[in-house]
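Working through the structure, step by step
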Amino acid sequence: TGSSLYMLVKFTFGDFLACTPWYPLYLNLLGARIGADVMLNSKFIHDHSLLTIGEGTIVGGDAVISCHSAEGGQLVLRPIVIGKNA
């Protein structure tokens, strides 16, 4: 059910949440660690519990941030840390 709610919010309200102060708050609630004054202009942000974005960072339009990949038939999960003011 959590996945269904996430997908509903992402595809129904994702375009409206982008570039608002509510979006980093929403991602923090999903487990991401988002610093203050972060501007997110993408609904393609995945694997929230593995993501850290430092304060003052801007993520441009429709950038894809994914903390997983498929390598050699295996699912690989790695944390992504985007620094401060990036």
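Before any of the text, the structure's been laid out above.
Notes on the structure follow.

Calculation criteria
- Per chain, the residues get numbers from 1 upward, laid out in the order the sequence is written.
- Two thresholds apply to this predicted model, a pLDDT of at least 70 for residue-level local features and 80 or more for giving and counting side-chain atom pairs, whereas whole-chain, interface and lining totals are computed over all residues.
- Side-chain measures here rest on the full set of heavy atoms in the structure, leaving out hydrogens and waters.
- The criterion for an aromatic pair is that two Phe, Tyr or Trp rings (for Trp, the six-membered ring) have centres within 6.5 Å, with stacked assigned to planes under 30 degrees apart, edge-to-face to planes over 60 apart and tilted to the rest.
- Going along the chain from the N terminus, every DSSP run of H or I of four or more residues is numbered as a helix, and every run of E of two or more is numbered as a strand.
- When accessible area is computed with a 1.4 Å probe and restricted to protein chains, residues below 20% of their type maximum are described as buried, those above 50% as exposed, and intermediate ones as partly exposed.
- When we speak of the arc, we mean the arc of directions from the helix axis to the C-beta atoms.
- Patches in this entry comprise residues that are over 30% relatively accessible and not in a salt bridge; like charges within 9 Å are linked, as are nonpolar side chains (Val, Leu, Ile, Met, Phe, Trp, Tyr) within 5 Å.
- The accessible surface values rely on the Shrake-Rupley method and a 1.4 Å probe; as for residues, cover is taken only from the protein chains in view.
- Salt bridge, as used here, is a side-chain nitrogen of Lys or Arg placed within 4 Å of a carboxyl oxygen of Asp or Glu.
- A pair of strands is treated as paired once DSSP finds two or more bridges between them.

All chains considered together, the criterion is met by one aromatic pair. Ring centres 6.4 Å apart and planes at 15° place the aromatic pair Y23 and Y26 in the stacked group. Placement of the pair is Y23 and Y26 together in helix α2 (residues 22-29), with a separation of three residues, close to one helical turn.

Let us now look at α2. The complete set of buried residues in α2 reads Y23, P24, Y26 and L27. Taken end-on, α2 shows its buried residues confined to a sector of 160°, consistent with a single buried face. The exposed set on the far side of α2, more than 90 degrees from its buried face, consists of W22 and L29.

A contiguous nonpolar patch, built from W22, L25 and L29 and spanning about 390 Å² of accessible area, is present on the exposed surface. Within the fold, L25 resides in helix α2. Residue L25 is classed as partly exposed on the basis of its relative accessible area, which comes to 43%.

All right, on to unusual backbone geometry then. Positive phi, normally seen in glycine, also occurs at C19, with a value near 70°. Here C19 shows up in the loop between α1 (2-17) and α2. In this structure, D37 takes a positive phi of about 55° despite not being glycine. Along the chain, D37 falls in the loop between β1 (33-34) and β2 (39-40). Looking at D37, the relative accessible area reads 72%, which means it is exposed.

As a further point, take the sheet that holds β1. Read across the sheet, three strands follow the order β1-β3-β7 without closing on themselves; strand pairing throughout is parallel. Each edge of the open sheet is held by one strand with a lone partner, namely β1 and β7 (80-82). Sheet analysis places β1 next to strand β3 (residues 51-53), joined by two bridges and oriented parallel. Directly across from I34, in β3, lies its bridge partner I53.

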